[in-house]
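Notes for the structure review
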Amino acid sequence: MTLEAFLISTGLVAIAEIGDKTQLLALLLAARFRKPWPIIGGIFVATLANHALAAGLGAVAAAWLQGPWMRWILGGLFLAFAAWALIPDRLDDDEAPTRRDGASIFWTTTVAFFFVEMGDKTQVATAALGAQFQNVLLVTAGTTAGMMLANAPVVLLGEAAAGRLPLKLIRGLAAGSFALIGLWILVFG
């Protein structure tokens with residue numbers, strides 16, 4: 001049963017994360033900061049904290065996330081991320097990346113991932129898995145492993161291609177995606 005909790009949690013989240021908004025955020029951060037290891041570390045810490053909370057709350061978290069006020073918070077957060085994605089941070093396609101401290105990149109990633117993951121399908125899945133297996137440690141370890149399997153390659157590939165990526169286009173696509181998700185949540189939530 002313990003191996004089953006870990007493996008099912010890992011596989012389910014790795015599959016659910018493919019094409020998810022947090023992968024888009026991982027690519028955006030990799031292209032913007034071009035320092036993969038603080039980004040990967042931030043993803044790990046944010047996922048560990050977020051999924052430990054979700055697994056611990058279990059079925060209670062799933063019921064809590066269905067409140068109408070949560071729809072407004074999540075929709076507003078996505079619209080805020082859309083606006084944030086448009087800010088070029090003094091990094092244009094033809095500029096060299098601005099120097100950033102690894103610690104600030106780590107904390108930017110940690111905070112962004114923690115909040116973007118709120119109410120996400122992988123967080124809700126983690127809550128359900130926590131309720132099903134009643135093993136917070138193994139479910140959290142499994143879902144965190146699944147997130148890392150899905151997002152670390154995106155960060156590494158995004159960082160490697162950042163010099164050749166059209167950053168204005170990426171910012172526009174990211175902003176549009178976040179805005180559409182935010183509007184979808186607000187209208188159809």
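As a reminder, the structure under discussion sits directly above these lines.
**Some thoughts on the overall build of the chain**
Helices and strands together make up the secondary structure of the chain, namely nine helices and zero strands. N-terminal to C-terminal, the α/β element order of the chain is α-α-α-α-α-α-α-α-α. Expressed as a percentage of its 189 residues, the buried residues of the chain come to 45%. The long-range share in the chain, meaning contacts at least 24 apart out of those at least 6 apart in sequence, stands at 92%. As presented, the chain carries roughly 9,100 Å² of accessible surface, and 72% of it is formed by carbon and sulfur atoms.

**A short note on a nonpolar patch on the surface**
Together, Phe44, Val45 and Leu48 give the surface a local cluster of nonpolar side chains, amounting to about 220 Å² of exposed area. Take Val45: it is sitting in helix H3 (residues 36-57).

**With respect to the side chain of Thr47**
Turning to its location among the elements, Thr47 is positioned in helix H3. Engagement of the side chain of Thr47 in a polar contact is seen with the backbone oxygen of Ile43, the distance being 2.7 Å. Discounting residues that sit within four places of it in the chain, Thr47 has contacts with Ala52, Thr143, Thr144 and Met147.

**Points about the packing of helix H1 (residues 2-17) against helix H7 (residues 121-133)**
Helix-helix packing: each pair is described by the crossing angle between the helix axes and the interaxial distance. Direction vectors running N to C along H1 and H7 enclose 165°, while the axes themselves pass 10 Å from each other. As summarised for this structure, H1 and H7 are arranged roughly antiparallel, according to the angle between their axes. Crossing angle aside, the handedness with which H1 passes H7 is right-handed. Here Glu4, Ala5, Ile8, Ser9, Leu12, Val13, Ala16 and Glu17 of H1 come into contact with H7, specifically with Lys121, Thr122, Ala125, Thr126, Leu129 and Phe133. Counted by class, the contact of H1 with H7 contains eight nonpolar, three polar and three charged residues.

**Brief notes about the side chain of Glu117**
Within the secondary structure, Glu117 is located in the loop between helix H6 (102-116) and H7. Residue classification places Glu117 among the buried positions, given a relative accessible area of 1%. Polar side-chain contacts of Glu117 include one of 3.4 Å to the backbone nitrogen of Gln123. Leave out the neighbours within four places in its chain, and Glu117 touches Glu17, Thr22, Asn50, His51, Thr122, Gln123 and Met147.

Reading guide: rules and limits
Each residue is numbered by its place in its chain's sequence as written, counting from 1. Given that this is a predicted model, residues contribute local features only at a pLDDT of at least 70 and side-chain atom pairs are listed and counted only at 80 or more, while totals for whole chains, interfaces and linings are drawn from all residues. Where side-chain values are given, they derive from all heavy atoms of the structure, hydrogens and water being excluded. Segments assigned H or I by DSSP are reported as helices when at least four residues long, segments assigned E as strands when at least two residues long, and all are numbered from the N terminus. Per-residue accessibility, obtained with a 1.4 Å probe over protein chains only, is compared with the maximum for each type, and a residue is labelled buried under 20%, exposed over 50%, and partly exposed between these values. In this analysis, two residues are considered to be in contact whenever any of their non-hydrogen atoms come within 4.5 Å of each other. Computed by Shrake-Rupley with a 1.4 Å probe, the accessible areas treat only the displayed protein chains as cover when residues are assessed. Distance thresholds for patches are 9 Å for like charges and 5 Å for nonpolar side chains (Val, Leu, Ile, Met, Phe, Trp, Tyr), applied to residues having over 30% relative accessible area and no salt bridge. The rule for a salt bridge is simple: a side-chain nitrogen of Lys or Arg has to be within 4 Å of a carboxyl oxygen of Asp or Glu. Counting of polar contacts relies on pairs of N or O atoms within 3.5 Å, with two restrictions inside protein: one atom must be capable of donating a hydrogen and the other of accepting it, and residues adjacent in sequence are counted only when both atoms are side-chain atoms. The convention used is that axes are lines fitted to C-alpha atoms, helices contributing only their stretch in contact, and that angles between N-to-C directions extend from 0 to 180 degrees. Every angle not falling under 35 degrees, over 145, or within 65 to 115 is termed oblique; those three ranges are roughly parallel, roughly antiparallel and roughly perpendicular. What makes a crossing left-handed is the near helix being turned counterclockwise from the far one by less than a right angle; a clockwise turn instead makes it right-handed. In this classification, Asp, Glu, Lys and Arg are treated as charged, Ala, Val, Leu, Ile, Met, Phe, Trp, Tyr, Cys and Pro as nonpolar, and every other residue, Gly included, as polar.

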